[in-house]
2 protein chains.
Amino acid sequence: MSAATAIYPPDRVSLREVGLRDGLQLVRTFPSTEAKRRWIEAEIRAGVRHFEVGSFLPAGRFPQFADIHEIIETVAAHDGARSAALVLNERGAEDALRTNVDEIVCVVSATEEHSQANARRSRDDAIALIGRIRAMRDAAGHEALINVGLSMAFGCSIAGAVDPDEVLRLVDLLLEAGAETIGLADTVGYAGPRQIGELAGQARTRMGRVPLGIHLHDTRGLGLANASAALDVGVRLLDASLGGLGGCPFAPGATGNIVFEDLVFLCETNGFSTGIDLDALAQAREIAEASMPGEIFQGALAQAGAPANMSWRAAP
Amino acid sequence: MSAATAIYPPDRVSLREVGLRDGLQLVRTFPSTEAKRRWIEAEIRAGVRHFEVGSFLPAGRFPQFADIHEIIETVAAHDGARSAALVLNERGAEDALRTNVDEIVCVVSATEEHSQANARRSRDDAIALIGRIRAMRDAAGHEALINVGLSMAFGCSIAGAVDPDEVLRLVDLLLEAGAETIGLADTVGYAGPRQIGELAGQARTRMGRVPLGIHLHDTRGLGLANASAALDVGVRLLDASLGGLGGCPFAPGATGNIVFEDLVFLCETNGFSTGIDLDALAQAREIAEASMPGEIFQGALAQAGAPANMSWRAAP
């Protein structure tokens, strides 16, 4: 069994909390380091194990991630909990490899147009960078997993429709470059369940034992329908954020990531045990919400509660 | 081909607008008759053809439905548009059969507990009533379809979990009693996609050529995931309301029916043509919203817009 399949086993669902990274990129108020710590610890108590905690970027431009070293240590202090951090270049990778981070997240755009506009590099260059970061990781003897997110994989706000065969070609190139986990991202919430099922199903076949993740936004209301379609075709690794924190950079005021609590409910009702206790998760949500006054936390379960006929205490 | 399959053909999706009935049961401000007329006509321009317009109930207690005769005539004035109205007893059925209403909607609870608490009659009595209403319809030579909604079919706020076999048994009894269309309702939003797929799939097999509808609430965020699961198992008749109008009587502040616009987007992205123009539907939403100041209209598409890479003009 490879490291990646040990961490994200194919026979159960793993949920990644991305609110502390993707979420904090779009909020106006940033939680203090202490607030982040309480947020993470509350989610760990609820059973959450995977946290994307920030980006290795200049703290001057991204003050919300200035405390990334402390936050990685916060996660590292808890047995079984794992941190992931975004890295955009070799300098970021160097910084990451000097920490206890468990996962290095890199992003490649599915379209050339978005790659140039967003990262100011071609897709080929972005893929070559993955190869170099993988080599740096290997040379350092570091255990961090190389997780590559393929953004705009289901539709692009610049290029429009995205050819699924092109996405699969990029998946092959990422595997060659050394990606150990690949996430297909519906960055702007263009996807529908049929599209998710078809492309994720084909990507899984292509990827063999390499875990396939799905990163969904609820921009057009289909986030959980898409998550359900992904589960249907065997995807077992999904991103979400508490309260759906994080909007959509291309649709002001729109909802962002799929809501972690609601995703837990979806998984459990579809028969997938998440190991996550919804009551404890609700407490974590309160802690996160209190640390960011004025930010909108989405979520149906938070409003309506779980069905009265079900127990949502996680199995021991 | 039976009347019901001519109206709700098995080879394409039919969407029923229930906001003027289910929606108006839970709002505080009621639109004027003229506002309802403009709302309906705007939706007809967008391509909507099926409207649940109200209930035959004492106008003293339900002033929002006092104009039901005029609203039925509003719909009847448009070729191809069809009205449906709720009937709770024989007196209501008599009233309905004196109008041009195209569909008589009756409701039976899936659980004995909810039947007694909500309708103050047993399920057996409720089913016997369907038989008598069907006989009244036949005797009157009226063409109104008998559409029975089975409420709490996926979970009950009083009884808790609902045995799917019990629901299927009730479906059989409703068919015997003369129901011409049966809708399974997730009245309190307890269902998940797997449950919807399994029960709706079995019900369809049971019902043969009788159309099966699905009435979903988004109370716990899974409304569209459930709709997608229903489409997956061949359900082609779905209820929704513009802006998700109508809450949940058992969860104050919670979202209500699934959002009509978002359901259109789901259907289209899953490859089902609805014949509905989303731009024109957005105009209808504005009209409805303006007629009910202070009411909350939900909806992701209304906030974020349709994806830029797609045209949402309905095919001619």
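Residues numbered from 1 in each chain as written. Chains lettered and ligands numbered in written order. Predicted model: local features only at pLDDT ≥ 70, side-chain atom pairs only at ≥ 80, totals over all residues.

### Regarding the overall build of chain A
Logical step 1: A count of helices and strands for chain A gives 12 helices and 8 strands.
Logical step 2: Rg of the C-alpha trace for chain A: 18 Å, near the compact-globule value of 20 Å for 316 residues, within the 12% margin.
Logical step 3: Along the first, second and third principal axes, the C-alpha atoms of chain A reach 50 × 40 × 40 Å.
Logical step 4: A burial count over chain A gives 56% of its 316 residues as buried.
Logical step 5: A separation threshold of at least 6 residues defines the contact pool for chain A, and within that pool the share at least 24 residues apart is 75%. (Helix = DSSP H or I, 4+ residues; strand = E, 2+ residues; numbered from the N terminus. Rg over C-alpha atoms; globule rule 2.2 N^0.38 Å. Buried ≥ 20, exposed ≤ 12 C-beta atoms within 10 Å, placed from the backbone. Contact = placed C-beta atoms within 7 Å.)

### Concerning the interface of chain A and chain B
Logical step 1: Of the residues lining the interface, 39 residues belong to chain A; the matching set on chain B comes to 39 residues.
Logical step 2: Put simply, the parts of the chain that give the side of chain A that touches chain B at least two residues each are helix 8 (193-207), helix 9 (223-232), helix 10 (260-269) and helix 12 (300-304) of chain A.
Logical step 3: Within the side of chain A that touches chain B, the residues separate by chemical class into 18 nonpolar, 17 polar and 4 charged. (Nonpolar A, V, L, I, M, F, W, Y, C, P; charged D, E, K, R; others polar.)

### Section: the confidence of the model for chain A
Residue and element names in this part refer to chain A.
Logical step 1: Across chain A, pLDDT averages 93, with 95% of residues at or above 70.
Logical step 2: Long-range and interchain partners of residues 312-316, a stretch whose pLDDT sits below 50, account for 11 contacts in this model, where long-range means more than four residues apart.
Logical step 3: The complex model carries a pTM of 0.95, and its ipTM stands at 0.93. (pLDDT = per-residue confidence, 0-100.)

### Observations concerning the sheet that holds strand 7 (residues 212-216) of chain B
All names here are of chain B.
Logical step 1: Reading around the circumference, 1-2-3-4-5-6-7-8 is the order of the 8 strands in this closed barrel, with parallel pairing throughout. Across the sheet, the axes of successive neighbouring strands diverge by a mean angle of 30 degrees, strand direction being ignored.
Logical step 2: Direction of pairing for strand 4 (residues 103-109) relative to strand 5 (residues 145-151): parallel, over a ladder of 7 bridges. The residue bridging Ile104 from the neighbouring strand is Ile146, located in strand 5.
Logical step 3: Packed onto the sheet, helix 3 (residues 68-76) meets strand 2 (50-56) and strand 3 (82-87) and runs at close to 160 degrees relative to strand 2.
Logical step 4: Seen against the sheet, helix 7 (residues 164-177) touches strand 4, strand 5 and strand 6 (181-186) and runs at an angle of roughly 160 degrees to strand 5. (Pairing = 2+ DSSP bridges. Axes fitted to C-alpha atoms, helices over the stretch in contact; angles between N-to-C directions.)

### Quick look at the relation of the copies chain A and chain B
Both copies of the chain are related by a screw-like operation: a rotation about an axis and a shift along it.
Logical step 1: The transformation that overlays chain A on chain B combines an axial shift of 0.0 Å with a rotation of 180 degrees, and the residual RMSD is 0.0 Å. Such a turn and shift between the copies fits a two-fold axis. Closest approach to the rotation axis among the C-alpha atoms of chain A is made by Ala225(A), whose C-alpha sits 1.8 Å away. (Least-squares fit on C-alpha atoms with pLDDT ≥ 70 in both.)

### Brief notes about the sheet that holds strand 5 (residues 145-151) of chain A
Residues and elements named next belong to chain A.
Logical step 1: Pairing in this closed barrel of 8 strands is parallel, and the strands run 1-2-3-4-5-6-7-8 around the ring. Across the sheet, the mean angle separating the axes of adjacent strands is 30 degrees when strand polarity is ignored.
Logical step 2: Pairing geometry for strand 1 (residues 14-17) and strand 2 (residues 50-56), over 2 bridges, is parallel. Counterpart to Arg16 in the pairing with strand 2 is His50.
Logical step 3: The sheet strands contacting helix 9 are strand 6 (181-186), strand 7 (212-216) and strand 8 (237-240), and the helix crosses strand 7 at an angle near 170 degrees.

### Some points on the environment of Asp232(B)
Logical step 1: Looking at where Asp232(B) falls in the secondary structure, it is placed in helix 9 (residues 223-232).
Logical step 2: Through-space distance from the C-alpha of Asp232(B) to that of Phe265(B) is 15 Å; in sequence the pair is 33 residues apart.

### Observations regarding the pairing of strand 5 of chain A
Residues and elements named next belong to chain A.
Logical step 1: Along strand 5, 7 of the 7 residues are buried, which leaves the element largely enclosed by surrounding structure.
Logical step 2: Sheet analysis places strand 5 next to strand 6, joined by 4 bridges and oriented parallel. From the neighbouring strand, Val148 faces strand 6, where its bridge partner is Ile182.
Logical step 3: For the segment spanning strand 5, helix 7 (residues 164-177) and strand 6, crossover handedness is right-handed. (Right-handed = clockwise from strand over helix to strand, strands pointing away.)

### Some thoughts on unusual backbone geometry
Residues and elements named next belong to chain A.
Logical step 1: Positioned with a positive phi, Arg120 is a non-glycine residue whose angle comes to about 55 degrees.
Logical step 2: Looking at the secondary structure, you find Arg120 in the loop between helix 5 (112-119) and helix 6 (123-140).
Logical step 3: Of the residues examined, Arg120 has 8 C-beta atoms within 10 Å and is grouped as exposed.
Logical step 4: One non-glycine residue with positive phi stands out, namely Met152, at about 60 degrees.
Logical step 5: Mapping Met152 onto the fold places it in the loop between strand 5 and helix 7.

### Let's talk about the packing of helix 4 (residues 90-97) of chain A against helix 6 of chain A
Residue and element names in this part refer to chain A.
Logical step 1: The interhelical angle for the contact between helix 4 and helix 6, taken along N-to-C directions, is 25 degrees, at an axis separation of 10 Å. When the axis of helix 4 is compared with that of helix 6, the two are roughly parallel. As for the relative orientation of helix 4 and helix 6, their crossing is right-handed in sense. On helix 6, the residues touching Glu90, Ala93 and Leu97 of helix 4 are Arg132, Ile133, Met136, Arg137 and Ala140. (Parallel < 35°, antiparallel > 145°, perpendicular 65-115°, else oblique. Left-handed = near helix turned anticlockwise from the far one by under 90°.)

### Quick notes on helix 11 (residues 278-291) of chain A
Logical step 1: Between its first and last C-alpha, helix 11 of chain A extends 20 Å over 14 residues, near the 20 Å set by a 1.5 Å rise per residue.
Logical step 2: For helix 11 of chain A, the secondary structure elements touched by its buried residues are helix 2 (33-46), helix 10 and helix 12 of chain A. (Expected span 1.5 Å × (residues − 1).)

### A look at helix 2 of chain A
Residues and elements named next belong to chain A.
Logical step 1: Relative to the 20 Å expected for 14 residues at 1.5 Å per residue, helix 2 spans 20 Å between its end C-alpha atoms, a close match to the ideal helical length.
Logical step 2: Packed against the buried residues of helix 2 are strand 1, strand 2, helix 3 (68-76) and helix 11.
Logical step 3: Just downstream of helix 2 lies Gly47, where phi reads positive at about 110 degrees.

### Notes on the nonpolar core
Logical step 1: Within the largest apolar cluster, 202 residues are counted, with the highest numbers of intra-cluster contacts made by Ala85(A), Ile104(A), Leu263(A), Ala85(B), Ile104(B), Ile130(B) and Leu263(B).
Logical step 2: Once residues lying within four places of it in the same chain are set aside, the contact partners of Leu263(B) are Leu15(B), Leu224(B), Ala227(B), Leu238(B), Ala240(B) and Ile258(B). (Core = buried A, V, L, I, M, F, W, Y, C linked by C-beta atoms within 7 Å.)

### A look at the environment of Tyr8(A)
Residues and elements named next belong to chain A.
Logical step 1: Along the chain, the position of Tyr8 falls in the loop between helix 1 (3-7) and strand 1.
Logical step 2: Using a count of 23 C-beta atoms within 10 Å as the deciding quantity, one classes Tyr8 as buried.
Logical step 3: Counting along the chain gives 205 residues from Tyr8 to Gly213, while the straight-line C-alpha distance between them is 9.4 Å.

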